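Next come the chains, spelled out residue by residue.
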Amino acid sequence: MPLQAGIVGLPNVGKSTLFNAITKAGAEAANYPFCTIDPNVGVVEVPDARLEGLASIVHPKKIVPTAFEFVDIAGLVAGASRGEGLGNKFLGHIREVDAIVHVVRCFEDADITHVSGSVDPSRDIETIEVELILADLETVERRLERARKNLKSGDKKAVLEVQALERIQGALSDSRPARTVALSEEEAPLLRDLHLLTAKPVLYAANVGESDVTGRDNPYVQQVEQRATAEGAEVVVICAQLEAEIAELEGEDRAAFLADLGLAESGLDKLIRAAYHLLGLRTYFTAGEPEVRAWTIRAGTKAPQAAGVIHSDFERGFIRAEVVSYTDLMEAGSYVAAREAGKVRLEGKDYVVADGDVMHFRFNV
């Protein structure tokens, strides 16, 4: 199953509008809570200017970007951990994704109802965080009760599990998410099947009004940024309504519209790239006359496994990888020049693929 980033937040903060813009999938967006019950899933292409750069050198017949999945999850409300507003179902949807894009309303609009009656990003973030923490605390306490019974066996894994669970329980009880608890290489696998909600990495999307596309002096955005800084998280400022309009444009029309707004790129492009990296994903390229193509791997992937993303035969029969970094290739201007400059390397099975590597695999099956 591909990695997924789940879009979460309170009702009426712009989640479905943002999802529509990202995927052009036409998810229902309405001015009342719970209009989204079953999660919508959309595959998005990852914007990457390096594809055009490679195409300018090899002149391929086609260009193929990489992609991953966004999931639009219905709005949570206070009490979701106790089942309020179909909360149990919605929390279950969050449990299934790999990272969270938390959309926070940072605009005033009397025509769009706020579930709490006023705009307050700090309170809204806290509302969601509390519900996720409460749900996780219940999960951890159930598991901890079972794990403590296993201590009698003297099993080393049981001891490690109890110690890790107790640290997480302590953090959650102090209103700190599970991701703030460092787990050892031995502990992490023991708890992976818990799929804790607050263990997932978070990216904040500050949704601003159409007259405030940069959010530079927006006090609501500043609240989100302060919260994110305290957590070591990232914030992307975006106007979901405007992005929905931009998503309908192409080519010169799109470029002109962005220029009129004083933007070099859309907020969606920034958000998609940020979510991609939040998931721990990286990109390498293959480039030839048939196509220039981006391939998705997890950070830390070695060359044979990267080859296996293309085809299992490439991994099974891996011999060597011919590698040049995108930067070196562009500076050289061609493969031939890069090779003459000593920038093309032969790497073996232990090579960890770097983001931006341009690769050609040698294999034999």
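This section reports on the structure supplied with the text. In this text, all values refer to a predicted model and were calculated from it rather than measured experimentally. (Residues numbered from 1 in each chain as written. Predicted model: local features only at pLDDT ≥ 70, side-chain atom pairs only at ≥ 80, totals over all residues. Heavy atoms only, no water.)

## Here we look at the overall build of the protein chain
Phase 1: In terms of helices and strands, the protein chain carries 14 helices and 12 strands.
Phase 2: Relative to the 2.2 N^0.38 estimate, which gives 21 Å for 365 residues, the radius of gyration of the protein chain is 23 Å and therefore close to what a compact globule would have.
Phase 3: Dimensions of the protein chain, computed from C-alpha atoms along their principal axes, come out at roughly 65 × 65 × 30 Å.
Phase 4: Looking at the protein chain as a whole, 48% of its 365 residues are labelled buried.
Phase 5: Residue pairs in contact within the protein chain that sit at least 24 positions apart in sequence constitute 69% of those at least 6 positions apart.
Phase 6: Accessible surface computed for the protein chain: about 17600 Å², of which carbon and sulfur atoms make up 48%.
Phase 7: Looking at the protein chain, you have 39 positive and 57 negative side-chain charges, and the mean spots of the two groups are 9 Å apart. (Helix = DSSP H or I, 4+ residues; strand = E, 2+ residues; numbered from the N terminus. Rg over C-alpha atoms; globule rule 2.2 N^0.38 Å. Buried < 20%, exposed > 50% of the residue type's maximum accessible area, 1.4 Å probe, protein only. Contact = heavy atoms within 4.5 Å. Areas by Shrake-Rupley, 256 points an atom, 1.4 Å probe, with all protein chains shown as cover. Lys, Arg positive; Asp, Glu negative; His and termini not counted. Charge placed at Lys NZ, Arg CZ, Asp CG, Glu CD.)

## Remarks on helix 7 (residues 219-231)
Phase 1: Counted at 1.5 Å a residue, the expected span for helix 7 with its 13 residues is 18 Å, and the 19 Å between its end C-alpha atoms agrees.
Phase 2: Of all the residues in helix 7, the buried ones are Tyr220, Val221, Val224 and Ala228. One side of helix 7 carries all its buried residues, which in axial view fall inside an arc of 100°. Away from its buried face, by an angle of more than 90 degrees, helix 7 presents the exposed residues Gln226, Thr229 and Ala230. (Expected span 1.5 Å × (residues − 1). Arc of directions from axis to C-beta.)

## What to know about the environment of Val181
Phase 1: Among the secondary structure elements, Val181 is positioned in the loop between helix 5 (156-173) and helix 6 (187-191).
Phase 2: Separated by 118 residues in sequence, Val181 and Ile63 have C-alpha atoms that sit 42 Å apart.
Phase 3: Among all residues touching Val181, those that are not within four sequence positions of it are Arg167, Ile168 and Ala171.

## Concerning the nonpolar core
Phase 1: Counting 55 residues, the largest nonpolar core has Ile22, Phe68, Phe70, Val101 and Leu271 as its most contacted members.
Phase 2: For this core, the element with the highest residue contribution is helix 10 (residues 267-278), accounting for six residues.
Phase 3: Discounting residues that sit within four places of it in the chain, Phe70 has contacts with Ala5, Ile7, Phe19, Ile22, Asn40, Val41, Gly42, Val44, Val101, Ile272 and Ala275.
Phase 4: One finds Val140, Ala171, Leu172 and Leu196 within the second-largest nonpolar core, a separate group that totals 16 residues. (Core = buried A, V, L, I, M, F, W, Y, C linked by side-chain atoms within 4.5 Å.)

## Observations regarding helix 2 (residues 49-58)
Phase 1: Along helix 2, seven of the 10 residues are buried, which leaves the element largely enclosed by surrounding structure.
Phase 2: Within helix 2, the full set of buried residues consists of Arg50, Leu51, Gly53, Leu54, Ala55, Ile57 and Val58.
Phase 3: Packing partners of the buried residues in helix 2 comprise strand 3 (62-64), strand 8 (281-287), strand 9 (291-298), helix 13 (326-332), helix 14 (335-340) and strand 12 (357-363).
Phase 4: Looking at the residues trailing helix 2, positive phi occurs at His59, about 50°.

## Quick look at unusual backbone geometry
Phase 1: The residue Asn12 is not glycine, and still its phi comes out positive at about 65°.
Phase 2: Locating Asn12 in the fold gives a position in the loop between strand 1 (4-8) and helix 1 (15-23).
Phase 3: Phi at His59 takes a positive value of approximately 50°, unusual for a residue other than glycine.
Phase 4: Take His59: it is sitting in the loop between helix 2 and strand 3.

## Observations concerning the packing of helix 1 against helix 10
Phase 1: Across the interface, helix 1 lies against helix 10 with an axial gap of 11 Å and an inter-helix angle of 90°. The angle between helix 1 and helix 10 falls in the class roughly perpendicular. Contacts between helix 1 and helix 10 involve Leu18, Ala21 and Ile22 from the former and Leu268, Leu271 and Ile272 from the latter.
Phase 2: Among the residues making up the contact of helix 1 with helix 10, the classes are represented as six nonpolar, no polar and no charged. (Axes fitted to C-alpha atoms, helices over the stretch in contact; angles between N-to-C directions. Parallel < 35°, antiparallel > 145°, perpendicular 65-115°, else oblique. Nonpolar A, V, L, I, M, F, W, Y, C, P; charged D, E, K, R; others polar.)

## Points about the pattern of salt bridges
Phase 1: One pass over the full model with this rule turns up 23 salt bridges.
Phase 2: Linking Glu138 and Arg142 is a salt bridge whose minimum nitrogen-to-oxygen distance equals 3.0 Å. Of the two residues, Glu138 and Arg142 both sit in helix 4 (residues 121-150), four residues apart, roughly one turn of that helix.
Phase 3: On the basis of relative accessible area, Arg142 is assigned to the partly exposed category, the value being 47%. (Salt bridge = Lys/Arg side-chain N within 4 Å of Asp/Glu carboxyl O.)

The analysis is restricted to geometry; functional conclusions fall outside its scope.
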